[in-house]
Amino acid sequence: MHTRSLRFRLAFWYFCTVAAICACAAAGYWVSIRSGLNHALDQGLRYRLIGLREFLDEIEPGGHDEIAARLDEISLLGELYLVYDAGGSLIAQSRGLARHDVAEPPPADLGFDIRYASGGPPDFRLRLAWQQVTIGSHTLILGVADPQRKFEGVLGAFTTVLALSIPAVLVVATGCGVWLGRRALAPVARIADEARAIGERNLSARLAVPESRDELQQLSETLNDMLERIEQSFTRTRQFTADASHELRAPMTLIHTAAQHALRRERSRDDLIDGMEKILRESTRTTLLIDDLLQLARGDAGKDAVALVPMDAAPLLRDAAEQAAAMAASKGILVGLDVEAEALPVTADDAQLRRLLLILTDNALKYTPAGGRVTIGGRRVADGVTITVADTGAGIAPDDLPHVFERFWRADKVRSRDAGGTGLGLTIAAQIAERHGARVEVESEPGRGSVFTVRMPRAD
Ligand code: ADP
């Protein structure tokens, strides 16, 4: 439906453009032909005016009556003239003009140069040439005229040609417009058909790309790129759903088994407490996992609004270090704080930045054995503030480094799970950083430790 309307619009605009061009060209030709014809008339009038003046010069008339009488002779030969005296009174009028009752007054400020003008009644339009002359002692205004209808036939024939040819040109142009529109839009219709055939089930299908090196090739390639991105995001979502279900299934199975085991036969109080503790542990883990999933989903949907305000990150680092030290004491890990500047100005959401720090320090404590050290650092750099969480723990293998921010990715599933990890911590950390215009980087050496660096942009 839209294709048809676009085609119609193209044809319509094509029609309008051609019609406007035709109208301008016709008007231009018409005006120039008419002024050409007037020019031809003016040339004739000029010679006749000169002739009239010479005739009067030759006869050397004594008075106005003689002028009228002598001119009447040439009036019989068909000459059209008007003669006024300097005061503007009509002295002589040719018979032809008298017959049509034409006594056209001369132009107001006429000098000794020849002046051309159009005049006469509507049914007898005239072209006139005027000049003021001195004949002997008389100052006269001479006017000679020529009927414009002389050339009206030529103009009329030209107008007829225009009136017939313009509609014909418009019909042909509209036909061409419709044909061109259909031809130009045919590939678009094909692309639309192909795109319509791509759905959830065949998301890996792509549009045929014409080697035309034009907008259509560009359009097909752009749509293919978009399909690629949609497919990737679809695959990621599918994978995420599968992983999330799998992750949720494990604790649920454990809870189910523990409950079944407790109920199968008569149990001692200690056995029951043991079973209940298992159930409690797993349900706490499940709640944590669901919390993480919720936070990620809200982040993905852009719903978890961050209230970015200018603030000092140093107190947050101090709090994080204190909190980590409290957790680390029982594990025999030393926690240090290494904040160089007095203040670390950032634009951040307090709660979210604390969450990010908690994820990184929590990981550092989880993957660092007793006797190790975790250092929380902060410093001002040229383009903002860097926050680091360094540990002397297990480290991450170079091959694993690119995966640590992936959802549910864990180098050691069992170990992470036992330590209470969900495999979503770093994904959430990266998401929080992204919403602050920051990024999280990691450097690590297996066996020696890891350094996670958050690069916050300048507070301004
Ligand atoms: P988890 O809940 O498993 O800790 P994360 O997304 O926080 O999930 O981390 C993903 C994986 O990255 C972890 O399972 C672990 O293998 C690795 N990792 C994260 N932080 C560290 C660290 N400080 N030292 C060593 N390995 C780490």
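Please read these numbers as outputs of a predicted model, since none were measured by experiment. (Residues numbered from 1 in each chain as written. Predicted model: local features only at pLDDT ≥ 70, side-chain atom pairs only at ≥ 80, totals over all residues. Heavy atoms only, no water.)

**Focus on the environment of Tyr81**
Mapped onto the elements of the fold, Tyr81 is located in strand 1 (residues 81–85). Owing to a relative accessible area of 1%, Tyr81 belongs among the buried residues under this scheme. Taking C-alpha positions, Tyr81 is 16 Å from Asp57, a pair spaced 24 residues apart along the chain. If near-sequence neighbours (up to four positions away) are discounted, Tyr81 is found in contact with Leu52, Leu71, Asp72, Ile74, Ser75, Ala92, Gln93, Ser94, Leu97, Gly143 and Val144. Here the side chain of Tyr81 touches Leu71 through a polar contact of 2.9 Å, landing on its backbone oxygen. Looking at Tyr81, its side chain comes within polar contact range of the main-chain nitrogen of Asp72, at 3.3 Å. (Helix = DSSP H or I, 4+ residues; strand = E, 2+ residues; numbered from the N terminus. Buried < 20%, exposed > 50% of the residue type's maximum accessible area, 1.4 Å probe, protein only. Contact = heavy atoms within 4.5 Å. Polar contact = N/O pair within 3.5 Å; in protein donor to acceptor, adjacent residues only side chain to side chain.)

**A word on the pattern of salt bridges**
Applying the stated rule across the entire model yields 19 salt bridges. Here Glu231 and Arg206 are joined by a salt bridge, their closest N and O atoms 2.7 Å apart. Taken together, the residues Glu231 in helix 5 (residues 215–264) and Arg206 in the loop between helix 4 (149–196) and helix 5 connect sequence positions 25 residues apart. Among the residues examined, Glu231 registers a relative accessible area of 21% and is labelled partly exposed. Taking the relative accessible area as the measure of exposure, Arg206 reaches 29% and is therefore partly exposed. With a shortest N-O distance of 2.8 Å, Glu441 and Arg439 are connected by a salt bridge. Look at Glu441 and you get partly exposed, because its relative accessible area is 26%. Given the relative accessible area of 48%, Arg439 is considered partly exposed. Among the charged side chains, a salt-bridge network with shared partners connects Arg48, Glu79 and Asp146. (Salt bridge = Lys/Arg side-chain N within 4 Å of Asp/Glu carboxyl O.)

**Some points on the sheet that holds strand 3 (residues 115–119)**
If you trace the 5 strands from one edge of the open sheet to the other, you get 2-1-5-4-3, paired in antiparallel fashion. Pairing within the sheet leaves two strands with one partner each, and these edge strands are strand 2 (90–93) and strand 3. Pairwise comparison of adjacent strand axes, ignoring direction, gives a mean angle of 25 degrees for this sheet. Relative to strand 5 (residues 138–147), strand 4 (residues 126–135) is paired through 10 bridges, and the arrangement is antiparallel. In the sheet register, Val133 faces strand 5, and the bridge partner there is Leu140. Together, strand 1, strand 2 and strand 5 form the strand contacts of helix 2 (residues 64–75), whose direction differs from that of strand 1 by roughly 175 degrees. (Pairing = 2+ DSSP bridges. Axes fitted to C-alpha atoms, helices over the stretch in contact; angles between N-to-C directions.)

**Structural notes on the site of the ligand**
Around the ligand there are 20 residues in total, and Asn363, Ser416, Thr422, Gly423 and Leu426 lie nearest to it. At a separation of 2.9 Å, an oxygen atom of the ligand approaches a polar backbone atom of Gly423. In this structure, an oxygen atom belonging to the ligand sits 3.3 Å away from a main-chain N or O atom of Gly425. Contact with the protein chains removes 97% of the 530 Å² of surface that the ligand exposes when unbound. Contributions of two or more residues to the shell around the ligand are made by helix 8 (350–366), helix 10 (425–435) and strand 12 (449–457). The element best represented in the shell around the ligand is helix 8, accounting for 3 residues. (Near = heavy atom within 4 Å. Areas by Shrake-Rupley, 256 points an atom, 1.4 Å probe, with all protein chains shown as cover.)

**So, the packing of aromatic side chains**
Evaluation of the coordinates by the stated rule reveals 4 aromatic pairs. Look at Phe12 and Trp13: their rings are 5.7 Å apart centre to centre, the planes differ by 70 degrees, and that puts the pair in the edge-to-face class. Accessibility expressed as a relative area gives 40% for Phe12, which makes it partly exposed. Judged by relative accessible area, which is 55%, Trp13 ranks as exposed. Over the ring of Phe240 we find Arg407, and its NZ or CZ is 4.9 Å from the ring centre. (Phe/Tyr/Trp six-rings, centres within 6.5 Å; stacked < 30°, edge-to-face > 60°. Lys NZ or Arg CZ within 6 Å of the ring centre and 35° of its normal.)

**Let's talk about the packing of helix 6 (residues 269–300) against helix 10**
Packing of helix 6 against helix 10 leaves a shortest axis separation of 10 Å and a crossing angle of 30 degrees. Considered as vectors, helix 6 and helix 10 are oriented roughly parallel to each other. The handedness of the crossing between helix 6 and helix 10 comes out as left-handed. Contact residues: helix 6 offers Asp292, Gln295, Leu296, Gly299 and Asp300, while helix 10 offers Thr427, Ile428, Gln431, Ile432 and Arg435. (Parallel < 35°, antiparallel > 145°, perpendicular 65-115°, else oblique. Left-handed = near helix turned anticlockwise from the far one by under 90°.)

**Concerning the sheet that holds strand 12**
One open sheet accounts for 5 strands, arranged 7-9-10-12-11; its pairing is mixed. This sheet does not close on itself; its edge strands, each paired only once, are strand 7 (334–339) and strand 11 (439–445). The mean angle between the axes of side-by-side strands here comes to 15 degrees, regardless of whether they run parallel or antiparallel. In the sheet, strand 10 (residues 384–391) pairs with strand 12 via 7 bridges, with the strands oriented antiparallel. When the bridges of strand 12 are listed, Val385 appears paired with Met456. The strands touched by helix 8 within the sheet are strand 7, strand 9 (373–381), strand 10 and strand 12, with strand 10 carrying the most contacts at an inclination of about 25 degrees.

**Examining the packing of helix 4 against helix 5**
It is the contact of helix 4 with helix 5, at a shortest axis distance of 11 Å, that shows an interaxial angle of 10 degrees. Here helix 5 runs roughly parallel to helix 4, going by the angle between their axes. On helix 5, the residues touching Pro187, Val188 and Ile191 of helix 4 are Leu216, Leu219, Ser220 and Leu223. When the residues that make up the contact of helix 4 with helix 5 are grouped by side-chain class, the tally is 6 nonpolar, 1 polar and no charged. (Nonpolar A, V, L, I, M, F, W, Y, C, P; charged D, E, K, R; others polar.)

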